[in-house]
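One-letter residues, chain by chain:
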Amino acid sequence: IKQLSSIGIDAVHEMLEYADIHFEFEENLMREAGIPGFEEHRQIHDLFRMKLNKIMSDHAKGIRQLNSEIIKMMANWLEDHILKEDQKYRSYLRD
């Protein structure tokens, strides 16, 4: 079983940077459009950021992590959040 490699931690770092930029844009858009459920959606973003930060923190402390677990977490995020959760708000933003 492979531990989190330097390539893996770089990917997590890049994901965190991307998430910060994307979430800020998305949250501003949702707030300006007055989309219901904004606070709950923002909290989901915050939870994902916390997970990514924990991975980074654990890695810095030398706590072993598995690439496969991190890949699974990111794949779940893409499937559950982007392809399902974010799609709920498309109709509000089309007009």
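Preceding this paragraph is the structure being described.
Description of the structure in this document. (Residues numbered from 1 in each chain as written. Predicted model: local features only at pLDDT ≥ 70, side-chain atom pairs only at ≥ 80, totals over all residues. Heavy atoms only, no water.)

**Comments concerning the environment of Ile63**
Line of reasoning, step 1. With respect to the helices and strands, Ile63 occurs in the loop between helix H2 (38–60) and helix H3 (67–85).
Line of reasoning, step 2. Accessibility expressed as a relative area gives 41% for Ile63, which makes it partly exposed.
Line of reasoning, step 3. The spatial distance from the C-alpha of Ile63 to the C-alpha of Asn53 is 13 Å, given a sequence separation of ten residues. (Helix = DSSP H or I, 4+ residues; strand = E, 2+ residues; numbered from the N terminus. Buried < 20%, exposed > 50% of the residue type's maximum accessible area, 1.4 Å probe, protein only.)

**Re the nonpolar core**
Line of reasoning, step 1. Formed by 13 residues in total, the largest nonpolar core has its most connected members in Val12, Phe48, Leu52, Ile55, Met73 and Met74.
Line of reasoning, step 2. Sorting the residues of this core by element identifies helix H1 (6–33), H2 and H3 as the ones contributing at least two each.
Line of reasoning, step 3. Sort the elements by how many residues they give to this core and H1 lands first, with six residues.
Line of reasoning, step 4. The contact partners of Phe48, leaving out residues within four places of it in the chain, are Met15, Phe23, Met73 and Trp77. (Core = buried A, V, L, I, M, F, W, Y, C linked by side-chain atoms within 4.5 Å. Contact = heavy atoms within 4.5 Å.)

**Comments concerning the packing of H1 against H2**
Line of reasoning, step 1. Put simply, H1 and H2 touch, their axes get as near as 10 Å, and they point 165 degrees apart. When the interaxial angle is binned, H1 and H2 end up roughly antiparallel. In this structure, H1 meets H2 at a crossing whose hand is left-handed.
Line of reasoning, step 2. Grouping the constituent residues of the contact of H1 with H2 by class yields twelve nonpolar, five polar and seven charged. (Axes fitted to C-alpha atoms, helices over the stretch in contact; angles between N-to-C directions. Parallel < 35°, antiparallel > 145°, perpendicular 65-115°, else oblique. Left-handed = near helix turned anticlockwise from the far one by under 90°. Nonpolar A, V, L, I, M, F, W, Y, C, P; charged D, E, K, R; others polar.)

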